[in-house]
Amino acid sequence: MIPSSGGLIASRSDAELNSALGGDGCFVDYGACVVRVRSVAHPFTDLLRRVYGAFPLQASAEFADFHVELVPGKGVRRWLRPTARFRIDGVEPFEPFPATSTLPLFEWGVNWCFGQRFNQHVLLHAGTLAIGERAVVMPAVPGSGKSTLSAAMMLRGFRLLSDEFGVLKPETGELLAMLKPVALKNQSIGVIRAFSGDAVLGPVFPETRKGDVAHLAPDLASVSAIHQPARPALVIFPRYVEGSDLEVTPQPPEQAFARLAFNSFNYALLGPVSFHAVADVAESCPGYALRYSRLDEAIDCIVSLLEDTRGPR
Amino acid sequence: MRLRSKGREVEAHLLPLLRDIAHADTMTLADWDATLRLARLARVLGVLAHRIRSDQSRWARVPEPVRGHLRASINYAAHRAQMVRMELAALDRALPADMQVIVLKGAAYQLQGVPIAQGRSPNDVDLLVARADLDRAESVLNQAGWVSEVRDDYDQRYYREWSHELPPMRYPGHALEVDLHHTIAPVTSHARADDRLLFDGLVLIPGSRYWALDPCDQIIHAAVHLFQDSELDARLRDLVDIDGLVRFHLRDEGTWNRLIERAGRHGATRLLWYGLHYCKAWLATPVPERALRQAPPRRAQWAMDWVFSRATLPRLPDRPPGAMVRLAGALGRLRYHLLRMPPALLLRHLAHKTWTRRFARRSASPR
């Protein structure tokens, strides 16, 4: 969709990245939206190369959905306690972060813009992954291990659409990617590091508002498929319970509907639009509650449940 | 007439779109990039989206990523309209049936089905009651659970003595604030609405317990609001409101004469003149020459043009504003305050605000 100026971010030099960030900006294509980011804040090119490595560097584009800026803090504080501020169209939606946390600030800011403004789609609070065109939607409240399970599934070959947003297009019932680095929190960081040698993780940012945070880079396969549509095929409500055995409980459609609607950023705002879109998913996809403690066991189970949905229905 | 906006970003597409939605047919994806941002900053994106969608073939020609943003703003506005309906229903249950309650601005446009309500996203519900009913209305709402969010004594006093509305109230958990007015212009300002005339002109909205102002008074109120009440970034939207009201309500010479006459009696001739002047210049509102006859002196007009065009039209924040834009912003704010209150009172007010802000910053400074 957008002309690429060629080459992945991983292979670009500091000078190239800085000149894009400090000039007209970098255009990051997340699938559902394009963000133009400009930055004169504390440099974070090393981090970009690591956690956005598989994304192409686009230094120009006709259109961006969001125009954001990362700028240094103001006044005397700027020297005593350097901070970074996030701005969208001149508005600063939240308090500055320490300058060393520019990446978490950027990630949080993009989530905020998307969650606030992208009301053309139903935004489920769900991990979304796919094999081919068939997607698993995993809605869950924070702390259920949704991001960790999403990360592990990507590392076992699923295509990651998002660990946070189930972007449901109401006109077609399709799911769009909102592919961002997966923000892993606290113990999950070590879990994923131990889970796969292929995991590319950014540094740990200690004691952010959500505890320790580290970002897992999306893999090249997921980035390459960013504009491929996927259709919801299976709904899983995951819950990590330490030491528990695997337990799969079918969810009748009315219950799946309620849980999908509850785990949504803009269900109430969209009224009838989201009612119909969510009802379609609950009606057409089998739903299961999944309690687990061992990632591989949970993933095997999801793979076979997804296989089962292939049968004549 | 268009000269006043020449060379500004908004003249490329935003104002042409607001003048005639057919302009959308000429726009590329790159044109939309800046235009969506400007329209959002000026809070007119929803209105534009509705106008475009009213023609299916035009809608289909808009590039898909742009249509996404337009859909989002239509969905958001529909949600806000629903919040307005719910708030009005809740207020209806709380307010005594025998009290005459008038809805102002967005809620009135919505209940009366004025096209400009489509895609507009109100932040609050504005009600007007007779001054004699004000205390009763407030205490009834307080008893029913609406509470003022203004805690500061000085601010409470500011609203009650020098404003034309009570401090905003909100029912805990509700999306919208309620502003309870007793007249349509700040009591300390030059414009002094003729309350007798205002209340004699009320019309009952069919199928509702709520009343609306006479259409001419609605336009006058919008003009007063534009210059005395509006946050700077919402001013283009206020002009779009006036444009929409004029196109909907003023269709013959008699109504135009009535508008001019009523503005005179409300002490708002000058404010209405400016409102219509900018509507005509920027939005090509059909304003007959004779409605603009009572022009202010040339020098006042020139100064106003200089400040207003710089301080009102949205601009992209990619580059910091130039010195002239900042100066115009400062002058615009000064003028806004001077229109609202006499200089001595203004000095006192600003001194208080500066002092408390400094003090608050020092004592509340975290970390």
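Report follows, based on the coordinates. A quick note: this is a predicted structure, and the numbers were derived from the prediction, not measured.

Rules and cut-offs
- Residues numbered from 1 in each chain as written.
- Chains lettered and ligands numbered in written order.
- Predicted model: local features only at pLDDT ≥ 70, side-chain atom pairs only at ≥ 80, totals over all residues.
- Heavy atoms only, no water.
- Helix = DSSP H or I, 4+ residues; strand = E, 2+ residues; numbered from the N terminus.
- Buried < 20%, exposed > 50% of the residue type's maximum accessible area, 1.4 Å probe, protein only.
- Contact = heavy atoms within 4.5 Å.
- Areas by Shrake-Rupley, 256 points an atom, 1.4 Å probe, with all protein chains shown as cover.
- Pairing = 2+ DSSP bridges.
- Expected span 1.5 Å × (residues − 1).
- Core = buried A, V, L, I, M, F, W, Y, C linked by side-chain atoms within 4.5 Å.
- Domains from an automatic or database assignment.
- Phe/Tyr/Trp six-rings, centres within 6.5 Å; stacked < 30°, edge-to-face > 60°.
- Lys NZ or Arg CZ within 6 Å of the ring centre and 35° of its normal.
- Arc of directions from axis to C-beta.
- Salt bridge = Lys/Arg side-chain N within 4 Å of Asp/Glu carboxyl O.
- Axes fitted to C-alpha atoms, helices over the stretch in contact; angles between N-to-C directions.

### Considerations on the overall build of chain B
Regarding its fold elements, chain B presents 17 helices and seven strands. Within chain B, the fraction of its 367 residues that count as buried is 55%. Contacts spanning at least 24 positions in sequence make up 70% of the contacts within chain B whose residues lie at least 6 apart. Counting only carbon and sulfur atoms, one obtains 54% of the accessible surface of chain B, whose full area is about 16600 Å².

### Regarding the overall build of chain A
Scanning chain A from terminus to terminus reveals 11 helices and 16 strands. Partitioning the contacts of chain A with sequence separation of at least 6, the portion at a separation of at least 24 is 72%.

### What to know about the pairing of strand E2 (residues 34–39) of chain A
Residue and element names in this part refer to chain A. In terms of burial, E2 is a largely internal element, six of the six residues being buried. One ladder, built from four bridges, connects strand E1 (residues 26–29) with E2; its direction is antiparallel. Bridge assignment links Cys26 to a residue of E2, and that residue is Val37. Hairpin connection of E1 to E2: four residues between the antiparallel strands, including Gly31 at a positive phi of 105°. Sheet topology note: the E2/strand E3 (residues 66–72) ladder contains five bridges and is parallel. Following the sheet pairing, Arg38 is matched in E3 by Glu69.

### Structural notes on helix H3 (residues 29–41) of chain B
Here H3 of chain B contains 13 residues, and its C-alpha end-to-end distance of 19 Å stays within 8% of the 18 Å for a straight helix at 1.5 Å per residue. Contacts made by the buried residues of H3 of chain B are with E2 and E3 of chain A together with helix H1 (9–12), helix H2 (14–19), helix H4 (45–53) and helix H6 (64–94) of chain B. Downstream of H3 of chain B by a residue or two, Arg43 of chain B has a phi angle that is positive, lying close to 60°.

### Quick word on the nonpolar core
Soluble globular proteins tend to pack their nonpolar side chains together in the buried interior. Counting residues in each nonpolar core, the largest one holds 101 residues, and the members touching the most others are Tyr52, Phe106, Phe114 and Ile302 of chain A. Residue contributions to this core peak at seven residues, all from helix H11 (residues 295–308) of chain A. Two domains each put at least three residues into this core: domain 1 (9–117) and domain 2 (122–308) of chain A. If near-sequence neighbours (up to four positions away) are discounted, Phe106 of chain A is found in contact with Tyr30, Val35, Val37, Phe44, Tyr52, Val68, Leu70 and Phe86 of chain A. Judged by nonpolar contacts, the second largest core, of 66 residues, contains Leu14, Met27, Trp32 and Val246 of chain B.

### Observations concerning the packing of aromatic side chains
By the definition in use, this model includes 24 aromatic pairs over all chains. Here the aromatic rings of Tyr30 of chain A and Tyr52 of chain A are separated by 6.1 Å at their centres, their planes lie at 70°, and the arrangement is edge-to-face. Taken together, the residues Tyr30 of chain A in the loop between E1 and E2 and Tyr52 of chain A in the loop between helix H2 (45–51) and E3 connect sequence positions 22 residues apart. On the basis of an interplanar angle of 75° and a centroid distance of 4.9 Å, the ring pair of Phe114 of chain A and Phe165 of chain A is categorised as edge-to-face. Note that Phe114 of chain A is positioned in helix H4 (residues 102–117) and Phe165 of chain A in strand E9 (residues 165–168), a separation of 51 residues in sequence. In this structure Phe114 of chain A comes out as buried when scored by relative accessible area, which is 0%. For Arg259 of chain A, the ring lying beneath its charged end belongs to Phe237 of chain A, and the centroid distance is 4.4 Å. The aromatic ring of Tyr210 of chain B is capped on one face by Arg209 of chain B, whose charged end is 5.7 Å from the ring centroid.

### Quick look at helix H1 (residues 14–22) of chain A
Residue and element names in this part refer to chain A. Among the residues of H1, those classed as buried are Leu17, Ala20 and Leu21. Along H1, the residues classed as buried sweep out an arc of 95° about the axis, all on the same side. Residues of H1 that are exposed and point more than 90 degrees away from the buried face comprise Ala15 and Ser19.

### A short note on the pattern of salt bridges
Residues and elements named next belong to chain A. Within the structure shown, the criterion is met by 33 salt bridges over all chains. Between Asp14 and Arg49 there is a salt bridge, and its shortest N-O distance comes to 2.8 Å. On the criterion of sequence distance, the pair formed by Asp14 in helix H1 and Arg49 in helix H2 is long-range, its members being 35 residues apart. With a relative accessible area of 36%, Asp14 lands in the partly exposed category.

### Observations regarding the sheet that holds strand E12 (residues 205–208) of chain A
All names here are of chain A. Taken in spatial order, the three strands line up as E11-E13-E12 in an open sheet, and their pairing is antiparallel. Here the strands that pair on one side only, and so sit at the sheet edges, are strand E11 (182–185) and E12. Recorded for the sheet is a direction-independent mean angle of 40° between the axes of neighbouring strands. Bridging between E11 and strand E13 (residues 211–216) involves four bridges; their strand directions are antiparallel. Looking across to E13, one finds that Lys185 is bridged to Val213. The strands touched by helix H5 (residues 146–155) are E11 and E13; relative to E11, the strand with the most contacts, the crossing angle is about 125°.

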